[in-house]
Amino acid sequence: MAEPTGTQESASFPPELERMGVTSGAEIDIRDLDTIREEQQIDIYLYFEEDLARESTLEKDIEEYSDVPDFERPFIRLDRFLQFANESDPQFAHRLSDIPLVIEILAYGELFQEGQAGTTPYVKGLMPFLDELELEDVPVTP
């Protein structure tokens, strides 16, 4: 029999996250999510594929993609994404002021991770597709 791995993923969020606007269907700027991640000591996972994000659970996805390097998976932890983006493009943080990256919040859960006592709470969000970003009003800076 499998050992329990955490709480069931759901669209219900703890009150402290709800007070911060983190609820199912909310759209939150990635910079605000990073602040929430730090303040609440919670993992936030960003998904790049809508169907997978909506139809699967993080636990299943971590298991299914366990042999795939982090940066080749269809999801990534927010802190790792931001670290990679900032290392790849030193202007990334500045660009977010011109083109906000808004994440759709999908679910909340808790995940058991080997080597840790207890579970780690997480939020699952969906990254926008590049063609959904509103680029018409973005000023062009040389």
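Within each chain, residues carry numbers counting from 1 in the order of the written sequence. In view of the model being predicted, local features appear only for residues whose pLDDT reaches at least 70, and side-chain atom pairs are presented and counted only at 80 or more, with totals across whole chains, interfaces and linings using the full set of residues. As a convention, hydrogens and water are excluded, and side-chain values are obtained from all of the structure's heavy atoms.

**Regarding the overall build of the protein**
Numbered from the N terminus, helices here are DSSP runs of H or I no shorter than four residues, and strands are runs of E no shorter than two. Along the backbone of the protein there are six helices and five strands. Note on definitions: a residue-residue contact is assigned when non-hydrogen atoms from the two residues lie within 4.5 Å. Restricting to contacts in the protein with at least 6 residues of sequence separation, those with at least 24 account for 67%. With the model as given, the accessible surface of the protein reaches about 9,000 Å², and the carbon-plus-sulfur share is 48%. Per-residue and other accessible areas follow the Shrake-Rupley method at a 1.4 Å probe size, with only the shown protein chains counted as cover for residues.

**Considerations on the pairing of strand E2 (residues 43-47)**
With five of its five residues buried, E2 lies for the most part within the structure. Buried, partly exposed and exposed residues are distinguished by accessible area as a fraction of the type maximum, computed with a 1.4 Å probe on protein chains only: under 20%, between the cut-offs, and over 50%, respectively. Covered by surrounding structure in E2 are Asp43, Tyr45 and Tyr47 together with Ile44 and Leu46, the residues of both alternating faces. With three bridges joining them, E2 and strand E3 (residues 75-77) adopt antiparallel strand pairing. When the sheet's bridge partners are listed, Tyr45 is paired in E3 with Arg77. One bridge is not enough; two strands pair if DSSP finds at least two bridges between them.

**Notes on the sheet that holds strand E4 (residues 102-112)**
Overall, mixed pairing links the five strands, which are arranged E1-E4-E5-E2-E3 in an open sheet. Because the sheet does not close on itself, it has two edges, and the strands there are strand E1 (27-29) and E3. Recorded for the sheet is a direction-independent mean angle of 40° between the axes of neighbouring strands. Bridging between E2 and strand E5 (residues 119-126) involves five bridges; their strand directions are parallel. Counterpart to Leu46 in the pairing with E5 is Gly125. Helix axes are fitted only over the stretch in contact, all axes being lines through C-alpha atoms; the angle between N-to-C directions runs from 0 to 180 degrees. In this fold helix H2 (residues 30-40) packs onto E1, E2 and E4, with an angle of close to 85° to the strand it touches most, E1. Sheet strands in contact with helix H5 (residues 78-88) are E2 and E3, and its direction is about 90° off that of E3.

**Describing H2**
Helical periodicity: at 3.6 residues per turn, an α-helix aligns residues three or four positions apart in one direction. Along H2, the positions that sit buried rather than exposed are Ile30, Leu33, Asp34, Ile36 and Arg37. Mapping the buried residues of H2 onto a view down its axis gives an arc of 160°, with all of them on the same face. Buried residues belonging to H2 abut helix H1 (15-19), E1, E2, H5, helix H6 (92-98) and E4. In the analysis that follows, any N or O atom pair within 3.5 Å is treated as a polar contact, provided that within protein one partner can donate a hydrogen and the other can accept it, and provided that, for residues neighboring in sequence, both atoms belong to side chains. Two or three places before Arg31, at the start of H2, stands the capping residue Asp29, its side-chain oxygen 2.7 Å from that residue's backbone nitrogen. Downstream of H2 by one or two residues, Gln41 has phi in the positive range, about 50°. The directions considered for the arc run from the helix axis to the C-beta atoms.

**Looking at the pairing of E4**
As judged from the three bridges shared by E1 and E4, these two strands associate in the antiparallel manner. Opposite Asp29, over in E4, you have Val102 as the bridge partner. Sheet analysis places E4 next to E5, joined by eight bridges and oriented antiparallel. In the strand pairing of E5, Leu111 is matched with Thr120. Adjacent in sequence and paired antiparallel, E4 and E5 are bridged by six residues, among which Gly115 carries a positive phi angle near 85°.

As far as function goes, none of this settles anything; it's purely spatial.
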